[in-house]
Amino acid sequence: MRPNHEFKRLPAARPLSLTVNGRPARLNVEPWVTLLDLLRERMGLTGTKKGCDHGQCGACTVLVDGRRINSCLALALMQEGRAITTIEGLADGERLHPLQQAFIEHDAFQCGYCTPGQLCSAAGLIAEGQAHSADEVRELMSGNICRCGAYPQIVRAVTQVMGLPPESERAHAPIVTGTVPG
Ligand code: FES
Ligand code: FES
């Protein structure tokens, strides 16, 4: 029979090279570390938030080679050679990204916990070029949950940056079902 300690041996950390917000980085990373934990715990980039930690809320959204992903579902070691953009890398120096500016103008957050993920997701969405209306923005950002319910303002901010015409206030009225008493 094999001694117990043989079963406790964990896989060794492996070298990883990637670019984060334009800066090359080399680290040794254990195979089970997610990209989210690498960014937050190893690199100090805590702008990317951990919400559900299993792909359901979008708080952890970052851009990998320009494409938006849930970083809680991506293993860090799978990102060898890739370019990661987090919320800390969205602005151009002191100049805010147009989406950041629009979020401020439209008051598109309350607690702000979902906001880094919303912004990275919106940047990815615009790069994808698949959304051509507010409804499509809503649909294609439906993986980004906002518990404060700032959705109308978020959609206004994103559509403004996309150059889409503003929706009427009526479009944001709550949907009421059932019979109205006469
Ligand atoms: Fe990644 Fe919720 S923390 S989707
Ligand atoms: Fe609070 Fe979106 S602003 S969760």
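Preceding block: the structure.
Quick look at the structure, then.

Parameters at a glance
Residues numbered from 1 in each chain as written. Chains lettered and ligands numbered in written order. Predicted model: local features only at pLDDT ≥ 70, side-chain atom pairs only at ≥ 80, totals over all residues. Heavy atoms only, no water. Helix = DSSP H or I, 4+ residues; strand = E, 2+ residues; numbered from the N terminus. Buried < 20%, exposed > 50% of the residue type's maximum accessible area, 1.4 Å probe, protein only. Contact = heavy atoms within 4.5 Å. Areas by Shrake-Rupley, 256 points an atom, 1.4 Å probe, with all protein chains shown as cover. Pairing = 2+ DSSP bridges. Axes fitted to C-alpha atoms, helices over the stretch in contact; angles between N-to-C directions. Core = buried A, V, L, I, M, F, W, Y, C linked by side-chain atoms within 4.5 Å.

Our focus in this paragraph is the overall build of the chain. When helices and strands are counted, the chain shows five helices and five strands. The N-to-C order of helical and strand elements in the chain reads β-β-α-β-β-β-α-α-α-α. Here the chain, with 182 residues, has 35% of them falling under the buried criterion. When contacts within the chain are restricted to residue pairs at least 6 apart in sequence, long-range pairs at least 24 apart make up 54% of them. As displayed, the chain offers around 11100 Å² of accessible surface, 52% of which is attributable to carbon and sulfur atoms.

A regular strand places its side chains on the two faces of the sheet in alternate fashion. Residues T61 and L63 point to one face of strand β3 (residues 61-64) and V62 and V64 to the other, with burial holding for every one of them. Here β3 runs beside strand β4 (residues 67-70); their pairing, made up of four bridges, is antiparallel. By the bridge assignment, L63 is partnered in β4 with R68. Once β3 ends, the chain turns through two residues before running back antiparallel as β4, passing D65 with a positive phi of about 50°. Relative to strand β5 (residues 83-85), β3 runs antiparallel, the two sharing two bridges. Opposite V64, over in β5, you have I84 as the bridge partner.

Moving on, we get to the sheet that holds strand β2 (residues 23-29). Strand order in the open sheet formed by five strands is β2-β1-β5-β3-β4, and the pairing between neighbours is mixed. Lying at the two open borders of the sheet, with one neighbouring strand each, are β2 and β4. Pairs of neighbouring strands in the sheet enclose a mean axial angle of 40°, with direction left out of account. Where helix α1 (residues 35-42) meets the sheet, its contacts fall on β1 (14-20), β2, β3, β4 and β5, and the angle it forms with β2 comes to roughly 105°. Against the sheet, helix α3 (residues 115-128) touches β3, β4 and β5, its axis set at about 40° to β3.

Working note: non-glycine residues mostly have negative phi, and peptide bonds are mostly trans. Located in the positive-phi region is N21, a residue other than glycine, with phi close to 50°. Within the secondary structure, N21 is located in the loop between β1 and β2. Here the phi dihedral of D65 falls at roughly 50°; this positive angle occurs in a residue that is not glycine. Looking at the secondary structure, you find D65 in the loop between β3 and β4.

The next subject is the nonpolar core. Within the largest apolar cluster, 20 residues are counted, with the highest numbers of intra-cluster contacts made by F103, M141, I154 and V158. Sorting the residues of this core by element identifies α2 (98-105), α3 and α5 (151-162) as the ones contributing at least two each. Among the elements that make up this core, the one with the highest residue count is α3 (four residues). In this structure I154 touches F103, A108, Q118, M141 and C146, once residues within four positions along its chain are discounted. If you look at the next biggest cluster of nonpolar residues, it comprises 16 residues, including V33, L35, L39 and I84.

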